[in-house]
Amino acid sequence: MNCIFCKIIKKEIPCNLLYEDESCFVFLDIKPITKGHTLVVPKKHSENLLDIEEKDVLHCMNLIKKLGPKIMKAMKADGFNVGQNNFSAAGQTVMHTHFHIIPRYKNDGLKNWQNKDTSADALLQAEKEIKKALRVP
Ligand code: 5GP
Ligand code: ZN
C-alpha cells in the first residue's frame, strides 16, 4: 500500500518520533501549523473514523490526553487544539487516520473556525435530518 504514514511507521521514511507503543506512533508534523504540531497515528492502517477500530480511537484519545499537556508545557504554549479530518472535503490529505495536536500561543494569529448565524428553521431541519439518520443502525 502506498501510504506515507505506513511507511513512516515501518521506518522506511524518517520522522521526528516523539513516542511509540504497541499500537501508536507519535511524531512531529513535517509542515507544522505551529511549533510542536504533533501527529498521533495508529499503527494499524485505516482511512478515517469510519473504518478505524474502536480500541485504536480510545488509545489515541488517551494518548492525546496524556501527551497534549506535556507538549504544551515543553513548547511553552498557552493552549492546544486537537484536530482530526475525515475525507478530502474536510481537509484530509493523508488517508491514514490520524489526530493533530496543535499547540497554541497567545497572539499566534491563527483564527479558529468561524461560527455563523442561522435561523431556527434551518437548525430544526438539520436536527430532523440527523435524528432520522441516527435511527438507522
Ligand atoms: P491531514 O490534512 O490529512 O489531516 O494532515 C496530514 C498532515 O500530515 C499534514 O499536516 C502534513 O503536513 C503531514 N504530513 C504529510 N506528509 C508527511 C510526512 O512525510 N512526514 C510528516 N512528519 N508529516 C507529514
Ligand atoms: Zn497507512
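Given the structure is predicted, the values throughout are model-derived calculations rather than measurements.

## Structural notes on the environment of T38
Logical step 1: When you line up the elements, T38 lands in strand β3 (residues 38–42).
Logical step 2: Overall, T38 belongs to the buried group, its relative accessible area being 0%.
Logical step 3: With sequence-adjacent residues up to four places away left out, T38 is seen in contact with L18, V26, F27, L28, D29, I71, F99, H100 and I101.
Logical step 4: Within the local environment of T38, its side chain forms a polar contact with the backbone oxygen of G36, the two atoms lying 2.7 Å apart.

## Some details on the site of ligand 1
Logical step 1: For ligand 1, the set of nearby residues contains 16 residues, the closest of which are D29, G91, T93, H98 and H100.
Logical step 2: One of the backbone nitrogen or oxygen atoms of L28 is found 2.9 Å away from a nitrogen atom of ligand 1.
Logical step 3: Within the backbone of T93, an N or O atom sits 2.7 Å from an oxygen atom of ligand 1.
Logical step 4: Taken together, the elements giving at least two residues each to the shell around ligand 1 come down to α1 (4–9) and β2 (24–28).
Logical step 5: Across the shell around ligand 1, the residue classes tally to eight nonpolar, six polar and two charged.

Rules used throughout
Residues numbered from 1 in each chain as written. Chains lettered and ligands numbered in written order. Predicted model: local features only at pLDDT ≥ 70, side-chain atom pairs only at ≥ 80, totals over all residues. Heavy atoms only, no water. Helix = DSSP H or I, 4+ residues; strand = E, 2+ residues; numbered from the N terminus. Buried < 20%, exposed > 50% of the residue type's maximum accessible area, 1.4 Å probe, protein only. Contact = heavy atoms within 4.5 Å. Polar contact = N/O pair within 3.5 Å; in protein donor to acceptor, adjacent residues only side chain to side chain. Near = heavy atom within 4 Å. Nonpolar A, V, L, I, M, F, W, Y, C, P; charged D, E, K, R; others polar.

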